[in-house]
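One letter stands for each residue in the lines below.
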Amino acid sequence: MLSGYILSFVYNNPDDVKPVRSHLNFLMIRLVRIYPVYFVALLFLGAFVLLNPDFAANYRIPEQRWSIGAFIASLILVQNWAHFLPTCWNAPAWSLSAEWLAYLAFPLFQTITRWPRRILTPVLLSGCCLALFAALVMLNGQPNPGLTGTPGLARMAFEFTCGCLLFTAMRNGLPRLNAWADFAGCALLSVAVVFGGTMIWLALPAFGVILLLAAQDRGPISAALGLPVVVWLGEISYSLYIMHWIVLQVGKWELSGLRLAEVPARDIILAGLCLACATCTYKWIELPARARGRAWARRLAGRTTPPPSTLAVNPTSQPLS
């Protein structure tokens, strides 16, 4: 949902006279944005598995999870839509594979969601997207919307479309939400988190409301999301997402020999390692790669300055799903 909104905001250009060239430029920018950290993480994990065969043997069907074919599928980001085990190698990266498919189909998403000219129409359609997604998931016997692996492609498609539609509503002049929206967003999300079960479905509309509040930059929720520590966590969130599973798995393996008396102590150490690793990869891999990618994109497009929309929003925010 967040990706759909931000990418629609940054790359919204209904009057583009060279759509194919613009889409190739878009794909290059996104690839430079997501791939360097992912590539380094995958290489590190590959080397660790080769050097520690006992580590790999701890997982289900290790001969397939850690196979050469699975590695190649992961390397080209098709493991979630062209491999029978989408969570092979770096398990959470199944969603990055799904997101890459959304990037490839981004012009289609834009065509589908750009046409409404009224304010209420895209809001209602975004709600219909979430309702249809919920109906499909429930009919297939799934207890919650947190689909992973190949079924996660449906989750990506419906939620990404919802985010695009929410941007359309904002573009069409959606009125500023009042204090009741802050209350509703917090209440829905709190109920979803505290009670879980079937209540977890409330997290979907809650996140839509919170996304709009953040985009309008007003109210206590927007203020809380603007706190320095939250902004910092948002900046490193992509590195944190790509690295956290590897750090946790390798860290537990390495710390197992220390026999820490208190499990919380181990968890604190691992959490600190995750944040430290994410900060380093963000600073030394993400930022340089992003700067180089933008320079290449400007050279390819024949521009000396980025388009105005990229100056108005931070396009680095990415979903954690």
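Look a little higher up for the structure.
The structure contained in this document is the topic of the report that follows.

Bringing the overall build of the protein into the picture now. Counting its secondary structure elements, the protein contains 17 helices and zero strands. Radius of gyration (C-alpha) of the protein: 21 Å, near the 20 Å computed for a compact globule of 321 residues. Along the first, second and third principal axes, the C-alpha atoms of the protein reach 60 × 50 × 40 Å. Relative to its 321 residues, the protein shows a buried fraction of 42%. Taking the contacts inside the protein whose residues are at least 6 apart along the sequence as the reference set, 74% of them involve residues at least 24 apart. By element, 70% of the accessible surface of the protein is carried by carbon and sulfur atoms, the whole surface being about 16,600 Å². The protein carries 23 positive and 13 negative side-chain charges, and their two centres are separated by 10 Å.

Tallied over the full model, the rule gives three salt bridges. Glu286 is paired through a salt bridge with Arg33; the nearest N and O atoms lie 2.7 Å apart. Of the two residues, Glu286 is situated in helix H16 (residues 263-301) and Arg33 in helix H2 (residues 19-51); the sequence distance between them amounts to 253 residues. The class for Arg33 is buried, based on a relative accessible area of 6%. Measuring nitrogen to oxygen at the nearest pair gives 3.4 Å for the salt bridge that ties Arg266 to Asp267. With a relative accessible area of 27%, Arg266 lands in the partly exposed category. Through salt bridges with shared partners, a single network forms among Arg33, Glu286 and Arg290.

Of note, Gly208 is situated in helix H12 (residues 203-216). Classification of Gly208 by relative accessible area gives buried; the value is 9%. C-alpha of Gly208 to C-alpha of Phe158: the two residues are 50 residues apart in sequence and 13 Å apart in space. For Gly208, the contacting residues outside a window of four places in its chain are Met1 and Leu166.

When you tally the buried positions in helix H7 (residues 94-104), you get nine out of eleven residues, the bulk of the element. Next to the buried residues of H7 lie helix H1 (2-11), H2, helix H6 (79-82), helix H8 (106-114), helix H10 (152-171) and helix H15 (237-255).

One pass over the full model with this rule turns up zero disulfides. Just so you know, Cys280 is unpaired, no disulfide at all, and the nearest cysteine sulfur is the one on Cys277, 6.8 Å from it.

Attention now goes to the nonpolar core. Counting 44 residues, the largest nonpolar core has Tyr38, Trp66, Trp89, Phe160 and Ile242 as its most contacted members. What Tyr38 contacts, discounting residues up to four positions off in sequence, is Ser74, Leu75, Leu77, Gln79, Ala93, Leu96, Tyr238 and Ile242. Residues Tyr5, Val137, Phe167 and Leu211 belong to the second largest nonpolar core, which totals 20 residues.

The next point concerns helix H5 (residues 68-75). For H5, the set of buried residues is Ala70, Phe71, Ala73 and Ser74. When H5 is viewed along its axis, its buried side chains cluster within an angular range of 160° and face the same direction. For H5, the elements touching its buried residues are H2, helix H4 (62-65) and H6. Looking one or two residues beyond H5, the residue adopting positive phi is Leu77, at roughly 60°.

Tallying each qualifying case throughout the model produces 22 aromatic pairs. An angle of 55° between the planes, with centres 5.9 Å apart, marks the rings of Tyr35 and Tyr38 as tilted. Of this pair, Tyr35 and Tyr38 both sit in helix H2, three residues apart, roughly one helical turn. Ring centres of Phe48 and Phe55 lie 5.1 Å apart, and the angle between their planes is 85°; this geometry places the pair in the edge-to-face category. Its relative accessible area of 1% is what places Phe55 among the buried residues.

How each quantity is defined
Residues numbered from 1 in each chain as written. Predicted model: local features only at pLDDT ≥ 70, side-chain atom pairs only at ≥ 80, totals over all residues. Heavy atoms only, no water. Helix = DSSP H or I, 4+ residues; strand = E, 2+ residues; numbered from the N terminus. Rg over C-alpha atoms; globule rule 2.2 N^0.38 Å. Buried < 20%, exposed > 50% of the residue type's maximum accessible area, 1.4 Å probe, protein only. Contact = heavy atoms within 4.5 Å. Areas by Shrake-Rupley, 256 points an atom, 1.4 Å probe, with all protein chains shown as cover. Lys, Arg positive; Asp, Glu negative; His and termini not counted. Charge placed at Lys NZ, Arg CZ, Asp CG, Glu CD. Salt bridge = Lys/Arg side-chain N within 4 Å of Asp/Glu carboxyl O. Disulfide = S-S within 2.5 Å. Core = buried A, V, L, I, M, F, W, Y, C linked by side-chain atoms within 4.5 Å. Arc of directions from axis to C-beta. Phe/Tyr/Trp six-rings, centres within 6.5 Å; stacked < 30°, edge-to-face > 60°.

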